[in-house]
Amino acid sequence: MIDAKNISKTFFSHSTEVKALVNVTARIDPGEVVVVLGPSGSGKSTFIRCLNYLNVADEGSIIIDGIDILDPKTDINKVRAEVGMVFQSFNLFPHKTVLENVTLAPIVVRKKPKDEAIKKGMALLDKVGIQEKANVYPDQLSGGQQQRVAIARALAMEPKVMLFDEPTSALDPEMVGEVLDVMKNLAREGMTMVVVSHEMGFAREVADRVIFMDEGAIVEVGTPEHFFINPTHERTKLFLSQIL
Amino acid sequence: MGSPIALKRLKQGNHYYFWVGVFFFIVIGVVLSLYFSARQLDYTWRWYRIPQYFVYQEQVEIRSEIDGEVESISKKGKEVVIRVKGTEGTESYAAPASALGFEEGDTIYYGDVLATYKKWRVGILMEGLWLTLKVSIIAIVFGILIGLFTGLARISSNPALKWSAITYIEMIRGSPLLVQIFIWYFVLGTLFNNILANHGIGQIPPLWFGVAALAGFTGAYVAEMVRAGIQSIHRGQTEAARSLGMTYVKSMRYVILPQALRRILPPLAGQFISLIKDSSLLGIIAIRELTKATREIVTTSLQPFELWFVCALLYLVLTFSLSMLLQYLERRQLAV
């Protein structure tokens, strides 16, 4: 589904350069849930943002569903339509109602008839447990509710992959659970997911594989059992000892 | 009642009404002092002469163009048709029924008044007001379009677009509007009309050079507002829109611009109010808008005091209506 090979990314700010990604290679198979862990500044977010071209990798190749997204001839909008993204800060459209947030892209990108998009949108809002808020504006929702709407908005495009960039980091602790529940259900339905997160419980329970990154590179890849119980690398052990 | 808070409020209330009183005292004082100084000058206020510059009744006379006699007077709705039969043929004239001066069979000579009636006409101030309104509305519409496009070009990464936008904005903002109007009319206007004349096409009237100057001037300021508005929208909005597969144009149209325009509505209102007031400069290129119309009446009627007050009041009516309209739009958008 996703095949990233040797991708590197360097940011330049003023006269200093920051190597955000160094030779990162990762493969995500259809139906797989991969959780990317690592300390802050390790390049997790840059990695996931490179996967739908919000950041452009300097080197390497990224193939999504058979399409090379770094090829200049690729229509990136078509690829993005197949790749859902959920952001840390939700990024709902504040001038549109919850339902309009969910139906906008299907209508203007997929050219779906409006009534069909609304039907599908209501079904998705029901799925994330927030149907009764369909006609309110995002600023009237709690953080957890907003993030669930954001998930429904991404799902409305019927994506083949879902990318989650720290979906619970901006939430009050009591709202983390409701968002994780939605993501767990999604994983159970067989959605391919790449999740950047600090939620160890979620990684342990849901992930098929865990990728551990540090300083822009992948340190260790493995099943949750391997990763949490029996990690190989010193860096991983240190990280786990710090957070657990 | 009787609680400390209520007492305090009452006290504040007394102060409040005192200062309200002071305000009205100042307003009335200014008006009165103006009135009495005008009396010192021996100025006679003739407010009753002002309404005729808005609408007036014109005396219309219908005269016969031939010798002959009234052949028939036939009713046709509210009008009557008078047929005059002469030696060389028959002529017919239409007039309101009440205005008749002849009966059937009467002899008519060339130039006789067949009927007289009064007709309402629009006065010169009204025409000026209408022209000001027309120029302003057209310039605002074009100003928005130019501003929107230039604002987008200003934040583009394409150097041709970006630098053109910057050059245009800086040139417009760095020179007086009056000079720009002269350039549009005397330089560009002459060039355009010369080219058109060489190709045998009709001339562009000065009105359109005035509109172009105002629209171009406003567009530069609107562009900067549009740019600021777009840049004030969090980057996450664009990212969210683009991650859903929207193109740059679609994300602008459905996500960024609606939010940006809502934010820049108050400064836009101020800019458009300026535009209405700046349209008073167009008088210098022979566009008879409100200010020029007033100046013309002043020179003939010698009633400068009343007329300039009326002129200012009319501008106030225009700008105040516009600001009310935009406030309404703002409230409606905030309510959603």
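Residues numbered from 1 in each chain as written. Chains lettered and ligands numbered in written order. Predicted model: local features only at pLDDT ≥ 70, side-chain atom pairs only at ≥ 80, totals over all residues. Heavy atoms only, no water.

> What should I look at first to understand the overall build of chain A in this one?
In terms of regular secondary structure, chain A is built from nine helices and 10 strands. A globule of 244 residues ought to have a C-alpha radius of gyration of about 18 Å, and chain A, at 18 Å, matches this closely. Its C-alpha atoms give chain A principal-axis dimensions of roughly 55 × 45 × 40 Å. Residues counted as buried form 56% of the 244 residues belonging to chain A. Considering only residue pairs separated by 6 or more positions, chain A has 65% of its internal contacts joining residues 24 or more positions apart. When the accessible surface of chain A is summed, it comes to about 10,600 Å², and 49% of that surface belongs to carbon and sulfur atoms. Distance between charge centres in chain A, computed from 27 positive and 33 negative side chains, equals 4 Å. (Helix = DSSP H or I, 4+ residues; strand = E, 2+ residues; numbered from the N terminus. Rg over C-alpha atoms; globule rule 2.2 N^0.38 Å. Buried < 20%, exposed > 50% of the residue type's maximum accessible area, 1.4 Å probe, protein only. Contact = heavy atoms within 4.5 Å. Areas by Shrake-Rupley, 256 points an atom, 1.4 Å probe, with all protein chains shown as cover. Lys, Arg positive; Asp, Glu negative; His and termini not counted. Charge placed at Lys NZ, Arg CZ, Asp CG, Glu CD.)

> Would you mind showing me how to read empty space enclosed by the protein here?
Picture a little ball the size of a water molecule; that probe, rolled over the atoms, points out where space is still empty. All names here are of chain A. What the rule picks out here adds up to one cavity of 30 Å³ or more. For the largest cavity, the full set of lining residues is Lys127, Val182, Asn185 and Leu186. With three residues, helix α6 (residues 173–188) is the largest single contributor of residues to the lining of the largest cavity. Partitioning the lining of the largest cavity into residue classes produces two nonpolar, one polar and one charged. (1 Å grid on protein atoms, 1.4 Å probe; cavity = no way out; pocket = protein on both sides within 12 Å on 5 of 7 lines; lining within 4 Å. Points joined across faces, edges and corners; volume = space filled by probe spheres on them. Nonpolar A, V, L, I, M, F, W, Y, C, P; charged D, E, K, R; others polar.)

> I'm lost on the layout of surface pockets in this one. Help?
All names here are of chain B. Roughly 400 Å³ of volume is contained in the largest pocket. Lining the largest pocket are 18 residues, with Arg235, Thr238, Glu239, Arg242 and Tyr248 positioned closest to its centre. If you tally residues by element for the lining of the largest pocket, the top one is helix α6 (residues 235–243), at four residues.

> How should I be thinking about a nonpolar patch on the surface in this particular structure?
On the surface, a nonpolar cluster with roughly 760 Å² of combined accessible area is contributed by Phe23, Phe24, Val27, Ile28, Val31, Leu32, Tyr35 and Phe36 of chain B. Its place among the elements puts Ile28 of chain B in helix α1 (residues 4–40). (Patch = residues over 30% accessible without salt bridge, like charges linked within 9 Å, V, L, I, M, F, W, Y side chains within 5 Å. Salt bridge = Lys/Arg side-chain N within 4 Å of Asp/Glu carboxyl O.)

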